[in-house]
Amino acid sequence: MPEEAGQIQLSQKFGNGAAQILLQRGSAGDAQALRFDIGNPNWQLDFTPGPTSSGLPVSPVILAIAALLLGAKRAVGTDIDVQALEASRDNAGRNNIPEGKFPLYLPEQLPQVQADVLVATDGNQALETIRREQPALVLLDDSFARIVAAIRQGRRIDSNIRKAVRFVFAVHVPIIGLALVPTLLHWPVLLLPVHIVLLELLIDPACSIVFEAEAEDSDTMARAPRPVSDSPFAAAPLLWSVLQGLGLAAVLLGGQAWLVHQGWHPDQGRTVVFGTLVLCVLLLILANRDLSRPALLGVTDPNPWLWRIAAAMVVLLAAVMGIAWLRHLMGLALPGAQGAVVAGCLLALCLVWLELVRLAGEGLLVRRDARSYAVRARIEAEHRTYQQGLLW
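(A) Representation of the overall build of the protein in the model. Across its full length, the protein holds 11 helices and 8 strands. A buried classification covers 37% of the 392 residues belonging to the protein. Taking the contacts inside the protein whose residues are at least 6 apart along the sequence as the reference set, 69% of them involve residues at least 24 apart. Carbon and sulfur atoms form 62% of the exposed surface of the protein, whose accessible area is close to 21800 Å².

Structure below.
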């Protein structure tokens with residue numbers, strides 16, 4: 001930004017002590033300084049319009065001109081005051097901004113605008129007009145701290161949605177496999193309708209409550225902005241979810257085949273497979289909470305609803321095993337100590353498979369990051385240049 005556009009001053013003040021200037025760049029004019037909230041009560045950031053920016057009526061105009069000087073493609077301004085529009089147009093011209101990059105309108109003349117960012121310090125008539133076009137970001141004040149908080153919350157919500165989507169795809173693959181494969185191979189039926197209903201009573205709260213209650217990831221604000229076209233339903237992340245589910249289905253079907261070959265009663269085999277599948281739901285929740293670490297390492301992360309779902313699984317298994325009429329209704333039988341050992345082995349194999357899938361995905365990500373190292377280095381250099389531009 002040109003030096004004559006204004007002066008930025010960063011200072012700190014503790015209690016009743018004198019303010020200490022930490023940074024001062026640019027030239028100040030005669031206009032009143034604008035103060036911005038940066039989230040630190042002991043620091044204050046002031047911007048005083050310079051000789052080429054004096055007379056600007058409201059801070060959104062200053063922000064628009066600053067954005068254009070820093071590389072924004074286009075800005076649109078509106079005000080009910082004709083003189084304010086003329087002053088804004090004059091200041092834009094003095095900063096060598098073409099009129100086509102910063103058109104100014106009265107509210108009744110404002111065309112349809114597709115905006116990425118909407119800045120408005122008061123509720124004028126144009127606010128609702130532009131808001132209907134659904135900008136990506138709406139700024140109703142000049143608090144930088146609130147902008148950061150909003151971005152942080154949005155990233156947490158987006159991340160949790162992606163976790164829930166991965167879990168939904170992964171958990172339903174073994175259910176589909178255990179329902180269809182025995183029928184195609186003329187095995188005894190493994191999953192009855194009542195089993196699927198009970199599983200959904202665990203799966204649905206996990207999607208809507210457990211993942212929604214997840215805290216933000218440690219690297220939430222360190223990630224690069226995602227592309228606008230990026231979707232939770234993109235093929236690449238869902239492929240790993242399907243691989244998770246296929247592995248679990250293969251392990252459980254292999255376990256059932258071994259039990260049939262050993263001459264186990266169908267009800268006992270069904271009990272072992274169903275009990276393992278219920279516990280696999282919990283494994284998939286843990287595995288999809290954070291793909292950067294093994295599933296069991298996530299049990300210590302705080303999430304009160306995770307343990308409530310785990311308790312519900314224990315209660316479910318205890319009920320179907322301990323209540324005779326319920327056990328008979330669901331076509332189950334007491335598996336005994338040997339059945340518990342087999343279920344434990346199947347669960348361990350499922351855990352190993354989830355870790356193999358995670359490591360394969362992590363290795364692919366490392367190779368992709370290595371190929372894009374030059375691109376990331378260029379982006380970081382441009383970001384540093386942009387930050388220097390903000391501080392002159």
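(B) How the structure looks around the confidence of the model for the protein. In this model, the protein carries an average pLDDT of 79, and 79% of its residues clear a pLDDT of 70 or more. Here residues 366–376 is a poorly scored stretch, pLDDT under 50, and it has 1 contact once near neighbours within four places are set aside; other chains count. When the criterion is pLDDT under 50, residues 382–392 qualifies, and its contacts beyond four places in sequence or with other chains add up to 16 contacts.

(C) The pairing of strand β1 (residues 6–12), seen in detail. Here β1 lies mainly inside the structure; 7 of its 7 residues are buried. What you see with β1 is no split at all: Gly 6, Ile 8, Leu 10 and Gln 12 on one side and Gln 7, Gln 9 and Ser 11 on the other are buried throughout. For β1 and strand β4 (residues 43–49), the ladder comprises 7 bridges, and the chain directions are antiparallel. Residue pairing across strands places Leu 10 opposite Leu 45, the latter belonging to β4.

(D) Representation of the pattern of salt bridges in the model. Applying the stated rule across the entire model yields 13 salt bridges. Across the salt bridge formed by Arg 94 and Asp 90, the nearest N and O atoms sit 3.2 Å from each other. With Arg 94 and Asp 90 both in helix α2 (residues 82–94) and 4 residues apart, this pair spans about one turn of that helix. Residue Arg 94 is classed as partly exposed on the basis of its relative accessible area, which comes to 37%. For Asp 90, a relative accessible area of 43% translates into the label partly exposed. Arg 270 is the partner of Asp 267 in a salt bridge, and the nearest nitrogen-oxygen pair spans 2.9 Å. Here Arg 270 and Asp 267 lie together in helix α7 (residues 266–289), a separation of 3 residues that amounts to about one turn.

(E) Focus on α2. Taking 1.5 Å per residue as the helical rise, α2 with its 13 residues ought to reach 18 Å, and the 19 Å between its terminal C-alpha atoms agrees with that figure. Every buried residue of α2 is listed here: Ala 84, Leu 85, Ser 88, Asn 91 and Ala 92. Along the long axis of α2, the arc covered by the buried residues comes to 130°, so they all point the same way. Sitting at the head of α2, Asp 81 places a side-chain oxygen 3.0 Å from the backbone nitrogen of Gln 83.

(F) Focus on the packing of aromatic side chains. Tallied over the entire structure, the rule returns 1 aromatic pair. A ring pair is formed by Phe 167 and Phe 211, whose centres lie 5.5 Å apart and whose planes are at 45°; its orientation type is tilted. Taken as a pair, Phe 167 in helix α4 (residues 144–184) and Phe 211 in the loop between α5 (193–210) and α6 (235–261) lie far apart in primary sequence, 44 residues in all. For Phe 167, a relative accessible area of 0% gives the class buried. A relative accessible area of 0% means that Phe 211 is categorised as buried.

(G) Looking closely at a nonpolar patch on the surface. A cluster of nonpolar residues, Phe 169, Phe 233, Val 242 and Leu 246, forms a patch on the protein surface that exposes about 350 Å² of accessible area. You can see Phe 233 is positioned in the loop between α5 and α6.

(H) Quick peek at the side chain of Asn 95. Its place among the elements puts Asn 95 in the loop between α2 and β6 (104–105). There is a polar contact of 2.9 Å between the side chain of Asn 95 and the backbone oxygen of Asn 91.

(I) Representation of the side chain of Arg 166. Position of Arg 166 among the secondary structure elements: in helix α4. Here Arg 166 sits buried without a salt bridge, and the closest side chain of opposite charge, Asp 290, lies 7.1 Å off (N-O distance). Excluding residues that lie within four positions of it along the chain, Arg 166 makes contacts with Pro 237, Ser 241, Asn 288 and Leu 291.

(J) Region of interest: the packing of α5 against helix α8 (residues 304–322). Where α5 contacts α8, the axes come no closer than 10 Å and their chain directions differ by 175°. Overall, the two elements α5 and α8 adopt an arrangement that is roughly antiparallel. Contacts between α5 and α8 pair Leu 198, Leu 202, Pro 205, Ala 206, Ile 209 and Val 210 from the former with Trp 305, Leu 306, Ile 309, Ala 312, Met 313, Leu 316 and Val 320 from the latter.

(K) Representation of the environment of Glu 108 within the structure. With respect to the element layout, Glu 108 can be found in the loop between β6 and β7 (117–119). As for Glu 108 and Asp 79, which are separated by 29 residues in sequence, their C-alpha atoms are 9.9 Å apart.

(L) Focus on the packing of α5 against α7. Relative orientation of the contacting elements α5 and α7 amounts to 5°, with a least axis distance of 11 Å. In this view, α5 runs roughly parallel relative to α7, as classed from their interaxial angle. Touching His 195, Leu 199, Leu 202, Ile 203, Ala 206 and Val 210 of α5 are Arg 270, Phe 274, Leu 277, Val 278, Val 281 and Ile 285, all from α7. Counted by class, the contact of α5 with α7 contains 10 nonpolar, 1 polar and 1 charged residues.

(M) Just the nonpolar core, in detail. Counting 51 residues, the largest nonpolar core has Phe 167 and Ile 285 as its most contacted members. Going through the elements one at a time, α4, α5, α6, α7, α8 and α10 (336–371) are the ones with two or more residues in this core. For this core, the element with the most residues is α7, which contributes 13 residues. If sequence neighbours within four positions are ignored, Phe 167 has contacts with Ile 203, Ala 206, Cys 207, Phe 211, Val 281, Leu 284, Ile 285 and Asn 288. Counting residues in each nonpolar core, the second largest holds 11 residues, with Leu 68, Ala 75, Ile 97 and Phe 102 among its members.

Each value, and the rule that gives it
- Residues numbered from 1 in each chain as written.
- Predicted model: local features only at pLDDT ≥ 70, side-chain atom pairs only at ≥ 80, totals over all residues.
- Heavy atoms only, no water.
- Helix = DSSP H or I, 4+ residues; strand = E, 2+ residues; numbered from the N terminus.
- Buried < 20%, exposed > 50% of the residue type's maximum accessible area, 1.4 Å probe, protein only.
- Contact = heavy atoms within 4.5 Å.
- Areas by Shrake-Rupley, 256 points an atom, 1.4 Å probe, with all protein chains shown as cover.
- pLDDT = per-residue confidence, 0-100.
- Pairing = 2+ DSSP bridges.
- Salt bridge = Lys/Arg side-chain N within 4 Å of Asp/Glu carboxyl O.
- Expected span 1.5 Å × (residues − 1).
- Arc of directions from axis to C-beta.
- Polar contact = N/O pair within 3.5 Å; in protein donor to acceptor, adjacent residues only side chain to side chain.
- Phe/Tyr/Trp six-rings, centres within 6.5 Å; stacked < 30°, edge-to-face > 60°.
- Patch = residues over 30% accessible without salt bridge, like charges linked within 9 Å, V, L, I, M, F, W, Y side chains within 5 Å.
- Lys, Arg positive; Asp, Glu negative; His and termini not counted.
- Axes fitted to C-alpha atoms, helices over the stretch in contact; angles between N-to-C directions.
- Parallel < 35°, antiparallel > 145°, perpendicular 65-115°, else oblique.
- Nonpolar A, V, L, I, M, F, W, Y, C, P; charged D, E, K, R; others polar.
- Core = buried A, V, L, I, M, F, W, Y, C linked by side-chain atoms within 4.5 Å.

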